[in-house]
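Observations on the model geometry
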Amino acid sequence: MASASSTSARSLFADSKMRLADRVQVNVNNVSSLARQITRGSKSSEILMHSARNFAVQEQAMENAENNLKKMQLIAVHLGYQHDSITKSAQQLEEIKEQVCAMQR
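Here the residue numbers are simple positions, counted from 1 along each chain's written sequence. Only residues with pLDDT of at least 70 get local features here, since the model is predicted, and only at 80 or more are side-chain atom pairs given and counted; chain-wide, interface and lining totals rely on the full set of residues. Only hydrogens and water are set aside; all other atoms, that is, all heavy atoms of the structure, feed into the side-chain values.

Named according to an unreviewed UniProt entry, the protein is BLOC-1-related complex subunit 7 originating from Aromia moschata. UniProt positions are given in the numbering used here, feature names are shortened, and annotations may be inferred rather than shown by experiment. Heading Subcellular location (unreviewed entry) of the UniProt record for the protein holds this comment: "Lysosome membrane".

It is worth spelling out the overall build of the protein at this point. Along the protein, the regular secondary structure elements total 1 helix and 0 strands. With C-alpha atoms as the basis for the radius of gyration, the globule rule is written as 2.2 Å multiplied by the number of residues raised to the power 0.38. Taken over the C-alpha trace, the protein has a radius of gyration of 45 Å; the compact-globule value for 105 residues is 13 Å, which it surpasses by more than 25%. Along the first, second and third principal axes, the C-alpha atoms of the protein reach 155 × 15 × 10 Å. When the 105 residues of the protein are sorted by exposure, 0% land in the buried category. Put simply, DSSP H or I for four residues or longer makes a helix, DSSP E for two residues or longer makes a strand, and each gets a number counted from the N terminus. Only protein chains enter the accessibility calculation, which uses a 1.4 Å probe; a residue whose area is less than 20% of its type maximum is buried, one above 50% is exposed, and one in between is partly exposed.

Moving on, we get to the environment of His-78. Relative to the assigned elements, His-78 resides in helix α1 (residues 2–104). Distance from His-78 to Gln-104, taken between C-alpha atoms, is 39 Å for residues 26 residues apart in sequence.

Turning our eyes to something else, we now look at the environment of Cys-101. Examined against the element boundaries, Cys-101 turns out to sit in helix α1. Sequence separation between Cys-101 and Leu-12 is 89 residues; the distance between their C-alpha atoms is 130 Å.

Together, Leu-20, Val-24 and Val-28 make up a nonpolar patch on the protein surface, roughly 270 Å² of accessible area in all. Tracing the sequence through the fold places Leu-20 in helix α1. Note on Leu-20: relative accessible area 55%, which makes it exposed. Patch criteria: residues need more than 30% relative accessible area and no salt bridge. Like-charged residues are merged within 9 Å; nonpolar side chains of Val, Leu, Ile, Met, Phe, Trp and Tyr are merged within 5 Å. Note on areas: these come from Shrake-Rupley sampling with a 1.4 Å probe, and a residue is covered only by the protein chains present in the view. Note on definitions: salt bridges are taken to be side-chain nitrogens of Lys or Arg within 4 Å of carboxyl oxygens of Asp or Glu.

Printed below as a string of structure tokens:
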């Protein structure tokens, strides 16, 4: 009988050992799954922070572009004034030339 009960005890021990190994494997799989989720979560926040930084940079670039456009509009207005002044001066030069020619006659 001793051999039957020791065989039974060995069998129970082997079953317990197998169940324990299965539980350990399940726990290891769960921990690795948790680690993957944490890694994904941290990467998501990194991507979000990177996107926010890029958005801020783009916002500043847009403001700079808007300021540059306003300056260019002002320059264009001043160039128009200068063009008008040059045109007027050129017309006056022609009139002065005609007057000089008339005086020389």
